[in-house]
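Fold and contact review
Listed below, chain by chain, are the residues.
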Amino acid sequence: MKKLYYLVNHELKNLFIPTLLLGSFLIVIEYFISYFMVKTSYEDFFRLEELMASPLHILTFVICFLGLLALLAYNFYSNYKGSHSIYTLLTLPISRYTLYFAKLISYMFTLGLFLSMQLLSLILRSTWYTYFITHSYRLNMLESPWPIMENVLALALIRSPSLHFLLPFGMLSFLSNLGLFFIGVTGVLYLFLLERHQKYGYCLMTFIITISIVTYTFIIRLSYDMPSMSHWLINLIFLYTLSLYYICHSMKLIRQIDTL
Amino acid sequence: MMSYMKSHLALIIFLFIILLWGGSFLSLSFGLHTTPFNLETVTGDVKLLEDMSFEGCLSDLYHEQKFILDKGKLSSKLDYYETNGPNDSFLVKYPFSSSIVKEDIYYSYDCSFKNLSEDPEYKEPIPDSYNPNFLKQSIFSDEIGLTVHSILRNDECWGDMEFTSLVTLKASSPIFEFYQSIDSQSDYTSDNLYDHRVAESAQLNSSCGALTYFEDKIYFTIPTTPDYSGTNGIYRIDQYEEFMTSTPQKITPLTTFSLDNHNLDIIGLESIEDKLVLLLIEDDIFTLKIFNTLSGELIQTLTLPEIDYSSFIYNSGYSKERFYYESFVDGEHLNLFFVLEDGSASLLSFTLHDEMTLNTYIKKLDLAANESLRLTALDTYYKEGLLFVLCNLSEGVYPGFSESSPSWSPATSYKEKVGIWVYDARTTTCLYKGYIQSDMSSDYRHMDYRKTSSKKSPFSYRSYESFSIKEVPTP
């Protein structure tokens, strides 16, 4: 356990600062987008959830998320470049499984940190937005003042299906989010391992299946109607079964190779 | 210190994640479970409410926050839906004003007009004064027929009823108005005027009270104005035929009356206990006629010359409806809530023992002079000389909204609150007035109906619903 903890810390040393920078960059960009959207809007005022779900916000998030995936890929393949640290890792007196779980946990922490910074960004922007709306110069031009917004973040989170991906309000959403998180991290690591095994067909298939399930999850959760219980269950079964399969097969793959 | 942090990065990140997410969950749960409602007493003593329980909820597709004012104390309860919530039925949630919902079946009512003249006069199309992209064409006819449509539906069934009435328009020059796009080449020579707007001279009274329900049967009347002649009545719909079939449906006239002998304004039809109550203005007097539901026999005529009905006009922003009202029946009490032209409301409360009697007539609901509101009655309750009234008050807050010229439209942003009034039925004195305020202020942003209909669910916006006033049971 101590060795695993040490290895996780070792992996995080390379991932922590870039993730922090990426998350901070996204916070700043998102703030500026929100600011300019509200300032230049012809609409009277956006509701917070509408502001957060704007295409520009989604686009910047997707770009930064792809950046995070690139960082994970860089981290994984850097073991094979330069000093070829993979050989050092393989000669350590630890099992291959420990190596795999160290990678998996460090990637989970990295993704968790990135998403937490998004939550922080949401909290900061909602505070700013409430302040802005309450003190906006436009409000002073009205004959009767707008009432102060209350409970803005809570209501935005409860009413916006897209924000439920960040902070779920019910057990089913929570399990689905956790499933997405697991399938994301295990899938990425599984893809890297398949590529190292030069199983490109499997690689493509894994990519397509993972993207399909993630898309299905997004479709049912963002659709006009709320998902029915059967949709939730199918979705959860797919997410967890596939994550488990990725872990099991990854462990098998890591046992078979000489270099990770 | 730095080296310690470096060697425990996992722990630091783990703690950061746990603290941030856990803290967010806790603070938001606390925020949502803290009651968003507060009772603001304007006049009177809140002790007057102690014998009654007032309930309602603020809900959307995702959650509902129920408020309960019980024994004068306000509390709330939160329910969050992850799968389809109980409020996902559009029809039940947004019934049209001319409809009733009974036991999850929705009944709507509508009237259409038909030209019966063989030689109607068509005028040359002229540009519409409101929208220059449209042309308006008018048709003059000396004989206009009226057809009543009623539709029932729920998730499982759908039925249609069409009834050709014996009512005709007797105005000397009734006008129908056709609208078409300026680019359209349509030729409006059809004599079927369904789907086209009827000119103001041919309008009926509000059809809000035209339908009523008693023991699995639907009864209706036609809310005619004095401009109509022929025979009106109270009709019972015995069965709805399949939608879009030509099979004649069974409609039984319970009673009929001529529109030509008196100056009649038919307001609506209500059912209370086993009686049907026809509301009308007969020769300029507000009148209630009570009929036996089975035989259609006239039991009582209650004339109320003291009722000033001249301002019983509902201004929806687009059009004005005469005699728009909402009715509430609890046991032997019938309470009518008429919306007035200035946005306020009149209240009439009746009791049916052996005979129907007027308990109270509140000419105008107590509103502050500076309140520019739109009222919707939610429930009323009569108990031991006290009349309890629960209303929804919408206030326009759209930028540029002027109190002196309120302009309501679906695009108008608004904020809502719930008002409670208690009246002494005998003296019509307002004994208590209070508002239940909520955190709805963040809801009225972006209340643009075009966006709600095309881009997102209307249930993203909270609305007040499921109101009731009940007596608190005595131990």
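Residues numbered from 1 in each chain as written. Chains lettered and ligands numbered in written order. Predicted model: local features only at pLDDT ≥ 70, side-chain atom pairs only at ≥ 80, totals over all residues. Heavy atoms only, no water.

**Some words on the overall build of chain A**
For chain A, the count of helices and strands is 9 helices and 0 strands. Listing each helix as α and each strand as β along chain A from the N terminus yields α-α-α-α-α-α-α-α-α. Burial status across chain A gives 52% buried among its 260 residues. Of the contacts formed within chain A by residues at least 6 apart in sequence, a portion of 81% connects residues at least 24 apart. Accessible surface, chain A as shown: approximately 12,600 Å² in total, 73% of it carbon and sulfur. (Helix = DSSP H or I, 4+ residues; strand = E, 2+ residues; numbered from the N terminus. Buried < 20%, exposed > 50% of the residue type's maximum accessible area, 1.4 Å probe, protein only. Contact = heavy atoms within 4.5 Å. Areas by Shrake-Rupley, 256 points an atom, 1.4 Å probe, with all protein chains shown as cover.)

**Brief notes about the confidence of the model for chain A**
Residues and elements named next belong to chain A. Taken residue by residue, chain A gives an average pLDDT of 83. The fraction at 70 or more is 88%. When pLDDT is averaged over each helix and strand of chain A, the minimum, 73, is found for helix H4 (residues 85-91) and the maximum, 92, for helix H7 (residues 171-196). Note that residues 139-147 has pLDDT below 50 and, in this model, 19 contacts with residues that lie over four places away or in other chains. (pLDDT = per-residue confidence, 0-100.)

**Digging into the sheet that holds strand E22 (residues 298-304) of chain B**
Residue and element names in this part refer to chain B. As summarised here, the arrangement of the 4 strands in space is E19-E20-E21-E22, forming an open sheet in which the pairing is antiparallel. Lying at the two open borders of the sheet, with one neighbouring strand each, are strand E19 (264-272) and E22. With direction set aside, neighbouring strand axes in the sheet form an average angle of 20°. Pairing of E19 with strand E20 (residues 275-282), which is carried by 8 bridges, proceeds in the antiparallel orientation. Its bridge partner being in E20, Ser271 is matched across the sheet by Leu276. (Pairing = 2+ DSSP bridges. Axes fitted to C-alpha atoms, helices over the stretch in contact; angles between N-to-C directions.)

**With respect to the side chain of Thr217 of chain A**
Residues and elements named next belong to chain A. As for its placement among the helices and strands, Thr217 is situated in helix H8 (residues 200-222). The class for Thr217 is buried, based on a relative accessible area of 0%. There is a polar contact of 2.6 Å between the side chain of Thr217 and the side chain of Asn235. Look past the residues within four positions of Thr217 in its chain and what remains in contact with it is Phe165, Ser176, Leu180, Asn235 and Leu239. (Polar contact = N/O pair within 3.5 Å; in protein donor to acceptor, adjacent residues only side chain to side chain.)

**Quick notes on the packing of helix H3 (residues 55-78) of chain A against H7 of chain A**
All names here are of chain A. Where H3 contacts H7, the two axes come as close as 11 Å, and the packing angle between them is 45°. By the angle between their axes, H3 is oblique relative to H7. Along this stretch, H3 crosses H7, giving a crossing that reads as right-handed. Residues Leu69, Leu72, Ala73, Phe76 and Tyr77 of H3 form the contact with H7, whose participating residues are Val188, Leu189, Phe192, Leu193, Glu195 and Arg196. (Parallel < 35°, antiparallel > 145°, perpendicular 65-115°, else oblique. Left-handed = near helix turned anticlockwise from the far one by under 90°.)

**Some words on unusual backbone geometry**
Residue and element names in this part refer to chain B. A positive phi angle, close to 50°, is found at Glu273, a residue other than glycine. For Glu273, a relative accessible area of 41% corresponds to the partly exposed category. The phi dihedral of Asp284 falls on the positive side, at around 70°, and the residue is not glycine. Mapped onto the elements, Asp284 comes out in the loop between E20 and strand E21 (285-292). On the basis of relative accessible area, Asp284 is assigned to the exposed category, the value being 56%.

**Concerning the packing of aromatic side chains**
Two descriptors summarise a pair of aromatic rings, namely the distance from one centre to the other and the angle between the planes of the rings. In the structure shown here, the tally under the stated rule is 34 aromatic pairs over all chains. On the basis of an interplanar angle of 70° and a centroid distance of 5.6 Å, the ring pair of Tyr77 of chain A and Phe192 of chain A is categorised as edge-to-face. Here Phe192 of chain A lies in helix H7 and Tyr77 of chain A lies in helix H3, a separation of 115 residues in the sequence. With centroids separated by 5.1 Å and ring planes inclined at 35°, the aromatic side chains of Tyr325 of chain B and Phe338 of chain B adopt a geometry described as tilted. Highlighted residues: Tyr325 of chain B in strand E25 (residues 325-330) and Phe338 of chain B in strand E26 (residues 333-339), separated in sequence by 13 residues. (Phe/Tyr/Trp six-rings, centres within 6.5 Å; stacked < 30°, edge-to-face > 60°.)

**Structural notes on the packing of helix H1 (residues 2-40) of chain A against H3 of chain A**
Axis angle and axis distance: for two packed helices, these are the angle between their axes and the distance between the axes, and together they describe the pair. Residues and elements named next belong to chain A. Where H1 meets H3, the axes come as close as 10 Å, and the angle between the chain directions of the two elements is 170°. In terms of their interaxial angle, H1 and H3 are classed as roughly antiparallel. The residue makeup of the contact of H1 with H3, split by class, is 14 nonpolar, 7 polar and 2 charged. (Nonpolar A, V, L, I, M, F, W, Y, C, P; charged D, E, K, R; others polar.)

**Some details on the sheet that holds E25 of chain B**
Residues and elements named next belong to chain B. In spatial order, the strands read E25-E26-E27-E28; together these 4 strands make up an open sheet with antiparallel pairing. At either end of the open sheet lies a strand with only one pairing partner, and these are E25 and strand E28 (356-362). With strand direction ignored, the average angle separating the axes of adjacent strands in the sheet is 20°. Across 6 bridges, the pairing between E25 and E26 is antiparallel. Paired with Val329 across the bridge in E26 is Leu334.

**Overview of the nonpolar core**
By size, the foremost hydrophobic cluster in this structure holds 75 residues, and its most contacted members are Tyr100, Tyr107 and Leu122 of chain A. The dominant element in this core, judged by the number of residues it contributes, is helix H5 (residues 96-135) of chain A, at 16 residues. Counting 46 residues, the second largest nonpolar core, distinct from the first, contains Val277, Leu304, Leu340 and Cys391 of chain B. (Core = buried A, V, L, I, M, F, W, Y, C linked by side-chain atoms within 4.5 Å.)

**Topic: a negative patch on the surface**
Residues and elements named next belong to chain B. A cluster of acidic side chains, namely Asp45, Glu50, Asp51 and Glu384, defines a negative patch on the protein surface. Position of Asp45 among the secondary structure elements: in the loop between strand E1 (38-43) and strand E2 (52-59). The exposure class of Asp45 is partly exposed, given its relative accessible area of 41%. (Patch = residues over 30% accessible without salt bridge, like charges linked within 9 Å, V, L, I, M, F, W, Y side chains within 5 Å. Salt bridge = Lys/Arg side-chain N within 4 Å of Asp/Glu carboxyl O. Lys, Arg positive; Asp, Glu negative; His and termini not counted. Charge placed at Lys NZ, Arg CZ, Asp CG, Glu CD.)

**Points about H1 of chain A**
With 39 residues, H1 of chain A extends 54 Å between its outermost C-alpha atoms, agreeing within 8% with the 57 Å of an ideal straight helix rising 1.5 Å per residue. The axis of H1 of chain A is deflected most strongly, by about 40°, at Lys13 of chain A. (Expected span 1.5 Å × (residues − 1). Bend = angle between axes of the 7 residues up to and from the residue.)

**Topic: H7 of chain A**
Taking 1.5 Å per residue as the helical rise, H7 of chain A with its 26 residues ought to reach 38 Å, and the 37 Å between its terminal C-alpha atoms agrees with that figure. Of the residues trailing H7 of chain A, Gln198 of chain A is marked for its positive phi of about 60°.

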